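# Coordinates in review
This is what each chain is made of:
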Amino acid sequence: MINQRLFDHYGIDTKKNLQIQQSCARPFDTVLIDKQGSCYACECTAWLPQSIGNLQVKGLQEIIGSDMHRLMQDSISDGTYRFCNQSQCSYIRSGLFYQATEQKIKHLRLAIDDSCNLRCPSCRKGMIFHKEGSAYNLGIRLADKINEWLYNHKHPIQVHIGSDGDPFASHVYRHFMEQTPQRDNIKYSILTNGLMFKEFHTKVPYVINNLQELGVSIDGATKETYEKLRLGGKWEKILEGLECMAEQKQKYGFRFILHFVVQKDNYHEMEKIIDMGERYGADRVWLNKIEDWGTMDDFKTQDIFNTDEYNSRLDSLIQRIHKRDDRFIECPTLISEAVRYKNKN
Ligand code: SF4
Ligand code: SF4
């Protein structure tokens, strides 16, 4: 049975019919696991909030293909997308979907520990770090269960680490990476704040050797902005980290991506972050509009997306995108927001 209260909480009408012709791949190729062990058939729990099973009580193999998993898949195949959060899912908003080709899990997204060495205001109200106690113990149990499943998994799969906390700061993720089975079919993708990369990447050589993508979230392109938005981070240390990541990229050939969450205090540095991406040899720079995760009391003040100054900076960014004529700069949520405002006025 679906958890209707959860859908009500997110304002998702489960009786809707979006009549989408394309088939989103995520319920077929992705499983996301959260810190309670709940599994989801999407890349974001706020987009498709129904759990398809819990790893504390069932094995991953049992959860994949369960009745609830099938129900989520059917809601995509029939085009209704009735369980999806149409106001948040960026694929529904942009109309561009990864299409399901075969029904095999290809992406495992781990959100099993929210420990981080920073306390960015856009993400949390205070420090979260589990080194012992029940959250830590559960995280370790989940990490071991996931590694056990991976050990027996024979198909190509990419394990994404770090959407909730920092993979190199978290003791749970470090344990996961140290224990991960050495199998040619398993590749990794890491999202980090980059501050502990230099110190810790040598401790997990197998993961770095099989790294497909390294993303660094860096919401400032100057010392002042960076240290204000990445609370607890030091500008000099992130520059050292970026240099080290650029060197490792040359050695191992992974895709190196910078992520920049555009908000009131940094929109004036959108072009500067592109310069940084070019300077450190990144493959891509992603700029995304800030989302409300309920951690900021004054979130409404972040809404600068209809101001003249922001729009003139967005215009310069778009000109730069046209000039480069490649996909080095990605900013789909900024563009869809600009279109939304234009249609509204
Ligand atoms: S359409 Fe969006 S919310 Fe629905 S399954 Fe795909 S990615 Fe998730
Ligand atoms: S670095 Fe990332 S995970 Fe850590 S507090 Fe900041 S936004 Fe959250």
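Structure shown above.
Residues numbered from 1 in each chain as written. Chains lettered and ligands numbered in written order. Predicted model: local features only at pLDDT ≥ 70, side-chain atom pairs only at ≥ 80, totals over all residues. Heavy atoms only, no water.

### Some remarks on the site of ligand 1
Taken together, Cys24, Arg26, Pro27, Cys42, Trp47, Leu48, Tyr81, Cys84, Cys89, Tyr91, Ile92 and Phe97 make up all the residues around ligand 1. When atom positions are compared with the pocket grids, ligand 1 is found to occupy the largest cavity. Of all the elements in the fold, those that place two or more residues in the shell around ligand 1 are α2 (26-29) and α5 (90-94). Broken down by class, the residue content of the shell around ligand 1 amounts to 11 nonpolar, no polar and 1 charged. (Near = heavy atom within 4 Å. 1 Å grid on protein atoms, 1.4 Å probe; cavity = no way out; pocket = protein on both sides within 12 Å on 5 of 7 lines; lining within 4 Å. Sits in = over half its atoms within 2 Å of the grid points. Helix = DSSP H or I, 4+ residues; strand = E, 2+ residues; numbered from the N terminus. Nonpolar A, V, L, I, M, F, W, Y, C, P; charged D, E, K, R; others polar.)

### Quick look at the nonpolar core
Residues Phe256 and Leu287 are the most contacted members of the largest nonpolar core, which totals 103 residues. Here this core takes 7 residues from helix α6 (residues 134-152), the largest share from any one element. Once residues lying within four places of it in the same chain are set aside, the contact partners of Leu287 are Phe260, Val262, Met270, Ile273, Ile274, Leu317, Ile329, Glu330, Cys331, Thr333 and Leu334. (Core = buried A, V, L, I, M, F, W, Y, C linked by side-chain atoms within 4.5 Å. Buried < 20%, exposed > 50% of the residue type's maximum accessible area, 1.4 Å probe, protein only. Contact = heavy atoms within 4.5 Å.)

### Digging into the site of ligand 2
The environment of ligand 2 is made up of Cys116, Leu118, Cys120, Cys123, Arg124, Asp164, Gly165, Asn193 and Arg230. Along the lines of polarity and charge, the residues of the shell around ligand 2 split into 4 nonpolar, 2 polar and 3 charged.

### Some thoughts on the pattern of salt bridges
By the definition in use, this model includes 21 salt bridges. Here Arg82 makes a salt bridge to Asp78, at a shortest N to O gap of 3.1 Å. A salt bridge links Arg255 to Glu213; the nearest nitrogen and oxygen atoms lie 3.3 Å apart. Highlighted residues: Arg255 in strand β8 (residues 255-262) and Glu213 in strand β7 (residues 211-217), separated in sequence by 42 residues. (Salt bridge = Lys/Arg side-chain N within 4 Å of Asp/Glu carboxyl O.)

### What to know about the pairing of β7
Within β7, 5 of the 7 residues are buried, which leaves the element mostly enclosed by the surrounding structure. Sheet analysis places strand β6 (residues 186-192) next to β7, joined by 5 bridges and oriented parallel. If you follow Ile190 over to β7, its bridge partner there is Leu214. Where β7 lies against β8, 5 bridges are found, and the strand directions are parallel. Residue pairing for β8: Ser217 is matched across the bridge by His259. (Pairing = 2+ DSSP bridges.)

### Quick notes on empty space enclosed by the protein
Summed over all chains, the structure comprises 2 cavities of 30 Å³ or more. What the largest cavity holds in volume is close to 100 Å³. Lining the largest cavity we find 15 residues, and of these Cys24, Arg26, Cys42, Cys84 and Cys89 sit closest to its centre. Residues belonging to the lining of the largest cavity are distributed by class as follows: 13 nonpolar, 1 polar and 1 charged. In this model, the second largest cavity occupies a volume close to 50 Å³. (Points joined across faces, edges and corners; volume = space filled by probe spheres on them.)

### Brief notes about the layout of surface pockets
The space that makes up the second largest pocket amounts to roughly 340 Å³. In this structure, the second largest pocket is lined by 15 residues; those nearest its centre are Lys289, Ile290, Glu291, Asp292 and Phe299. Residue contributions to the lining of the second largest pocket peak at 3 residues, all from helix α14 (residues 332-344). Of the residues assigned to the lining of the second largest pocket, the class counts are 5 nonpolar, 3 polar and 7 charged.

### Describing the environment of Val339
In this fold, Val339 is placed in helix α14. Separated by 223 residues in the primary sequence, Val339 and Cys116 place their C-alpha atoms 35 Å from one another.

### What about the environment of Asn210?
Looking at the element boundaries, Asn210 is found in the loop between α9 (205-209) and β7. Distance in space between the C-alpha atoms of Asn210 and Phe254 is 8.3 Å, their sequence separation being 44 residues. Not counting the four nearest positions on each side in its chain, Asn210 is found in contact with Ile186, Lys187 and Tyr188. A polar contact is formed between the side chain of Asn210 and the side chain of Lys187, at a distance of 3.1 Å. (Polar contact = N/O pair within 3.5 Å; in protein donor to acceptor, adjacent residues only side chain to side chain.)

### Thoughts on the sheet that holds strand β9 (residues 284-289)
If you walk across this open sheet you meet the 10 strands as β3-β2-β1-β4-β5-β6-β7-β8-β9-β10, and the pairing is mixed. Pairing within the sheet leaves two strands with one partner each, and these edge strands are β3 (51-54) and β10 (329-330). Where strand β2 (residues 38-40) lies against β3, 3 bridges are found, and the strand directions are antiparallel. Paired with Ser38 across the strands is Asn54, a residue of β3.

### Focus: the side chain of His201
For His201, the location among the structural elements is in the loop between α8 (197-200) and α9. Residue classification places His201 among the buried positions, given a relative accessible area of 8%. With residues up to four places along the chain from it excluded, the contact list for His201 reads Phe168, Ile208, Cys244 and Gln248.

### Side note on the packing of helix α12 (residues 270-279) against helix α13 (residues 308-324)
Contact geometry of α12 with α13 gives a least axis separation of 9 Å together with a crossing angle of 30 degrees. The angle between α12 and α13 falls in the class roughly parallel. Contact with α12, carried on its side by Met270, Glu271, Ile274, Asp275 and Glu278, involves Tyr310, Arg313, Leu314, Ser316, Leu317, Arg320 and Arg324 of α13 and no other residues of that element. Across the contact of α12 with α13, the residue classes break down as 5 nonpolar, 1 polar and 6 charged. (Axes fitted to C-alpha atoms, helices over the stretch in contact; angles between N-to-C directions. Parallel < 35°, antiparallel > 145°, perpendicular 65-115°, else oblique.)

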